Amino acid sequence: MKTGTLLAMVLLSFPLLAHADGRLFAGSGYSQYLENEEHIPLKSLVGIDMVTGKVRKYRTGDKFLGIASNLSGYISGGSSATEHDPHYTLVGFIGELDFNAREVIIEGRIVMTPDRKPIGVLLSNGKVFLH
């Protein structure tokens with residue numbers, strides 16, 4: 001097993017949220033602060049605008065990236081200033097995340113974007129597991 005793989009496994013199972021300034025809180029998964037082109041409400045699907053290279057609320061045809069979140073086990077790509085900067089959105093890429101059910105299609109336990117791109121699995125607790 002490669003060191004990076006082991007580190008990722010440890011980070012994803014570690015039940016603490018690490019804010020950019022080092023504060024720790026409960027949480028799980030991996031998120032990153034990314035520059036946005038608009039406000040993205042929490043629990044919204046996030047896509048990348050292939051013209052600007054910035055994230056935005058997911059639109060049909062976008063590259064799906066994750067879900068706008070405020071919790072994660074590990075956060076990168078930011079600083080304490082970024083955490084409160086409205087030009088950046090915390091995007092959850094991996095792990096258990098709350099989501100806006102009105103923005104997705106659910107077939108069985110498979111959660112998909114409106115244009116049917118699979119994004120994860122619906123868990124028994126009502127969250128989606130992104131992988």
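Higher on the page you've got the structure.
These numbers come from a predicted model, not from an experiment. (Residues numbered from 1 in each chain as written. Predicted model: local features only at pLDDT ≥ 70, side-chain atom pairs only at ≥ 80, totals over all residues. Heavy atoms only, no water.)

## Focus on the environment of Tyr74
Inference 1: Structurally, Tyr74 can be placed in strand S7 (residues 74-76).
Inference 2: Each C-alpha atom, one on Tyr74 and one on Gly92, is 9.6 Å from the other, the two residues being 18 residues apart in sequence. (Helix = DSSP H or I, 4+ residues; strand = E, 2+ residues; numbered from the N terminus.)

## Some details on the nonpolar core
Inference 1: Residues Leu45, Tyr58, Phe64, Ile67, Leu97, Phe99, Val104, Val111, Ile119, Leu122, Val128 and Leu130 constitute the largest nonpolar core, which totals 12 residues.
Inference 2: Elements with a contribution of two residues or more to this core: strand S6 (63-68), strand S11 (118-122) and strand S12 (128-130).
Inference 3: Setting aside its immediate chain neighbours within four residues, Leu122 contacts Phe99, Ile106, Arg109, Val111 and Lys127.
Inference 4: If you look at the next biggest cluster of nonpolar residues, it comprises six residues, including Ile40, Val55, Ala68 and Phe93. (Core = buried A, V, L, I, M, F, W, Y, C linked by side-chain atoms within 4.5 Å. Buried < 20%, exposed > 50% of the residue type's maximum accessible area, 1.4 Å probe, protein only. Contact = heavy atoms within 4.5 Å.)

## Notes on the layout of surface pockets
Once rolled over the atoms, a probe with the size of a water molecule shows which space is left empty.
Inference 1: Looking at the largest pocket, its volume works out to about 290 Å³.
Inference 2: Residue lining of the largest pocket: 17 residues in total, with Ser69, Glu83, Tyr88, Thr89 and Leu90 positioned closest to the centre.
Inference 3: No other element matches the three residues that strand S8 (residues 88-97) contributes to the lining of the largest pocket.
Inference 4: Split by residue class, the lining of the largest pocket holds seven nonpolar, seven polar and three charged. (1 Å grid on protein atoms, 1.4 Å probe; cavity = no way out; pocket = protein on both sides within 12 Å on 5 of 7 lines; lining within 4 Å. Points joined across faces, edges and corners; volume = space filled by probe spheres on them. Nonpolar A, V, L, I, M, F, W, Y, C, P; charged D, E, K, R; others polar.)

## Details of the pattern of salt bridges
Inference 1: With the rule as written, the count across this model stands at eight salt bridges.
Inference 2: For Glu38, the salt bridge is made with Arg59, and the minimal N-O distance between the two is 3.0 Å. Here Glu38 is found in the loop between strand S3 (30-35) and strand S4 (45-48), whereas its partner Arg59 is found in the loop between strand S5 (55-57) and S6, with 21 residues between them in sequence.
Inference 3: Since its relative accessible area comes to 24%, Glu38 is described here as partly exposed.
Inference 4: For Arg59, a relative accessible area of 36% translates into the label partly exposed.
Inference 5: Its salt-bridge partner being Lys117, residue Asp115 comes within 3.8 Å of it at the nearest N-O pair.
Inference 6: A single network of salt bridges, built from pairs that share partners, joins Glu37, Asp49, Arg56 and Asp62. (Salt bridge = Lys/Arg side-chain N within 4 Å of Asp/Glu carboxyl O.)

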